[in-house]
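Structural characterization, general
Here's the letter readout for the chains.
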Amino acid sequence: YGYDDKYLAEVNFGYNGSENFERGKRFGFFPSFSIGWRISNEEFMKNTQKWLDNLKIRASYGQVGNDVYQVNGVKQRFLYQAVWTQLSNDYYFGTTGYTGIYESQYPNATVTWERANKYNVGVEFGLLGGLLNGSLDLFYEKRNNILTPYLTRPQWVGVNMAAGNLGSTRNSGFEIELKHNNHIGKDFNYYANLTFSHAQNKILNMDEPASKTAYRKQEGHPINQYFGLVCDGFVTAADLADSSFPVSTFGNVKVGDLKYRDMNGDGFIDSRDETFIGHSDIPENTYAFTLGFDYKGIGFSVMFQGVDHVSRYYDAEAMFAFVSGGKVKQHHLDRWNPNLSENQNLANAKYPLLHYDNNGDHNQRQNSFFLKNGSFLRLKNIELSYSLPLAWIKKLAMTECRLYVNANNLVTWDHLDGLCDPESQGSNRYPIMKAVNFGVNLKF
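The structure presented is a predicted model; accordingly, all values stated were derived computationally and were not measured.

**Examining the confidence of the model for the protein**
Chain-level pLDDT for the protein is 88 on average; 93% of the residues reach the 70-or-more range. Per-residue pLDDT stays below 50 along residues 316–327; that stretch engages in 23 contacts with residues further than four places along the chain or on separate chains.

**A word on the layout of surface pockets**
Where empty space is left in the structure can be found by rolling a water-sized probe over the atoms. Its volume calculated, the largest pocket comes out at about 580 Å³. Around the largest pocket, the lining is made up of 22 residues, and of these I146, T148, I203, M206 and I223 lie nearest the centre. Where the lining of the largest pocket is concerned, the elements lending two or more residues are strand 10 (132–148), strand 12 (164–184) and strand 13 (188–205). Of the residues contributing to the lining of the largest pocket, the split by class is 11 nonpolar, 10 polar and 1 charged.

**A look at the nonpolar core**
With 17 residues, the main nonpolar core has L258 and Y260 as its most contacted residues. Going through the elements one at a time, strand 15 (231–234) and strand 17 (258–260) are the ones with two or more residues in this core. If we skip the residues at most four places from it in the chain, L258 touches C231, G233, F234, V235, P352, H362, N363, N367, F369 and F370. Of all hydrophobic cores here, the second largest spans 9 residues; its members include F21, F30, L147 and A162.

**Brief notes about the sheet that holds strand 8 (residues 96–106)**
Read across the sheet, 3 strands follow the order 7-8-11 without closing on themselves; strand pairing throughout is mixed. This sheet does not close on itself; its edge strands, each paired only once, are strand 7 (83–93) and strand 11 (160–161). As paired strands, strand 8 and strand 11 are joined by 2 bridges and run parallel to one another. By the bridge assignment, Y106 is partnered in strand 11 with M161.

**Remarks on the pairing of strand 9 (residues 114–127)**
Pairing analysis gives 14 bridges linking strand 4 (residues 52–66) to strand 9, with the strands arranged antiparallel. Bridging across to strand 9, Y61 finds its partner in Y119. Note: strand 9 against strand 10, 13 bridges, orientation antiparallel. Counterpart to Y119 in the pairing with strand 10 is Y140. From the end of strand 9 to the start of strand 10, which pair antiparallel, there are 4 residues, and L128 there has a positive phi angle of about 55°.

**As for the environment of Y119**
Structurally, Y119 is set in strand 9. For Y119, a relative accessible area of 40% corresponds to the partly exposed category. The spatial distance from the C-alpha of Y119 to the C-alpha of F139 is 5.6 Å, given a sequence separation of 20 residues. When neighbours within four sequence positions are excluded, Y119 is seen to be in contact with S60, Y61, L138, F139 and Y140.

**Side note on the pairing of strand 25 (residues 400–414)**
Strand direction decides the pairing type here: strand 24 (residues 376–387) and strand 25, joined by 11 bridges, are antiparallel. Residue pairing across strands places R378 opposite T412, the latter belonging to strand 25. For strand 25 and strand 26 (residues 435–443), the ladder comprises 9 bridges, and the chain directions are antiparallel. Counted as the bridge partner of R402 is N441 from strand 26.

**Digging into the pattern of salt bridges**
Note on pairing: side chains with opposite charge can pair once their charged atoms come close. Here the structure, examined in full by the defined rule, presents 22 salt bridges. Taking the shortest distance from any N to any O, the salt bridge between E124 and R58 comes out at 2.8 Å. One end of the pair, E124, is in strand 9; the other, R58, is in strand 4, with 66 residues separating them in the sequence. Of the charged contacts in the structure, one is a salt bridge between K259 and D239, with a shortest N-O distance of 3.1 Å. Of this pair, K259 sits in strand 17 while D239 is found in helix 1 (residues 237–241), placing the two residues 20 residues apart along the sequence. You'll find K259 and D239 in the same group, each marked buried. Residues joined by salt bridges that share partners form a network here, namely E114, K118, E141 and R143.

**A look at the packing of aromatic side chains**
Evaluated as defined, the whole model comprises 21 aromatic pairs. Ring centres of F234 and F369 lie 5.9 Å apart, and the angle between their planes is 55°; this geometry places the pair in the tilted category. In this pair, F234 sits in strand 15 while F369 sits in the loop between helix 4 (342–348) and strand 23 (371–373), placing the two residues 135 residues apart along the sequence. Overall, the relative accessible area of 21% leaves F369 in the partly exposed class. Taken together, the aromatic side chains of F188, Y190, F293, Y295 and F300 make up a single cluster linked through ring pairs. The ring of F250 is capped by R365, whose NZ or CZ atom sits 4.0 Å from the centre of that ring. The side chain of R378 reaches across the aromatic face of F376, ending 5.1 Å from its centre.

Parameters and conventions
Throughout, residues of each chain are indexed from 1 in the direction in which the sequence is written. For this predicted model, a pLDDT threshold of at least 70 governs which residues receive local features, and a threshold of 80 or more governs which side-chain atom pairs are given and counted, while totals over whole chains, interfaces and linings are taken from all residues. Here the side-chain values reflect all heavy atoms present in the structure, with hydrogen atoms and water set aside. Note: pLDDT gives the predictor's confidence per residue, expressed from 0 to 100. Note on definitions: a residue-residue contact is assigned when non-hydrogen atoms from the two residues lie within 4.5 Å. Space inside and on the surface of the protein is sampled on a 1 Å grid over the protein atoms alone, with a cavity defined as a set of points where a 1.4 Å probe fits but cannot get out and a pocket as an open set with protein on both sides within 12 Å along at least 5 of 7 lines; lining residues have an atom within 4 Å of a point. Grid points are joined across faces, edges and corners, and a volume is the space filled by probe spheres set on the points. In DSSP terms, a helix is any run of H or I states spanning at least four residues, a strand is any run of E spanning at least two, and both are numbered starting from the N terminus. All residues other than Ala, Val, Leu, Ile, Met, Phe, Trp, Tyr, Cys, Pro, Asp, Glu, Lys and Arg, Gly among them, are scored as polar; the first ten of these are nonpolar and the last four charged. By convention a nonpolar core is built from buried Ala, Val, Leu, Ile, Met, Phe, Trp, Tyr and Cys residues, the set being connected through side-chain atoms within 4.5 Å. Burial classification: accessible surface area is computed with a 1.4 Å probe over protein chains only, and a residue below 20% of its type maximum counts as buried, one above 50% as exposed, and the rest as partly exposed. In this scheme, strands are said to pair when DSSP sees at least two bridges between them. One side-chain nitrogen of Lys or Arg within 4 Å of one carboxyl oxygen of Asp or Glu is enough to make a salt bridge. The pairing test for Phe, Tyr and Trp rings, Trp by its six-membered ring, is centres within 6.5 Å, and the orientation test on the planes gives stacked under 30 degrees, edge-to-face over 60, and tilted for anything in between. Note on criteria: charge over ring means Lys NZ or Arg CZ within 6 Å of the ring centre, with the direction from the centre no more than 35 degrees off the ring normal.

Structure (structure tokens):
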């Protein structure tokens, strides 16, 4: 609904059904509402028309449903039904094995829609005849009934429980967009755009044991924040000589190995000392800046992109691995060297001792040492072009002939020492891919 291009409103209603839920819980009602007020069109704003082109405020609320639950990227359907699994040669009568079935997942008939409640307040503005346009949005999202696994069901029950509507999260932040367009003289036109967004999320509730140690609880932490051991440098000879130095349950520790913090003070380094480390792998801040101009057929544009408050983890086993017939990596050269003195290693070693004997996985446990600052600033795209004058090309029946050269990912400033693309996650450790293109666009 719009009245006099000043008062705006919109209403949407969705009624969705999903076969993933039991009868009686399959349908969900999801409404949304939005209102807007273009203040610049009001009579009392006439005196501002010389410098104010547009001023609009808006607000919205909406509810969205989700029926998808995934485990390792695979959708889990029909959670309200039991899952039976067939086994071959697992049941024996004498020495002969027979095929059998067993209940591998207990059903949950109460599962229903996950609901996201989204709130947004924003303002749009335009100033000085288009010299500056922009918008500012504040947003808040609360998700309830998130489908998550049961973590408080003991393993001795002997059967897995289907997921339930156990989780809730919060996400809030703001977005800013600014645009500037102008010209100098008749032929030189330029523009500059800036976007910035900040978003923080937090797990409010999940099925964690009430008695779980506070520093190990996911509640109150961001989604996908890294979890592992806190590293306090390298093990020294003095550490091993100290009777109070905690004993690692992950392997035979030597001088030059990673030194982990005994979080619970029980004298052992084990999984109970793991806690939250670094930031999430989801950036809190993202931003981009674009600049460009055109002058008598010459065009130029450049875009910078970046993220902040994000962590990236580098799998220690992959970092320690030698490639057969290949070259050693820099971290192999900068490791703790047993042929040097301890003082020399403490001053120069950037990576722990490499083991060729049975060290277990002490150095390869997920830990803060291999957790890197994932923030970066990248020259995402740059392009230079030239459009031939129409008087030159019209004899060839052309309406446009544009020559250009551009480059993608040309320069990246980060904290990762060139190990890989800072945007790569998980096991996909790809190098930064740069591309340079030359081309011509013709129109007839």
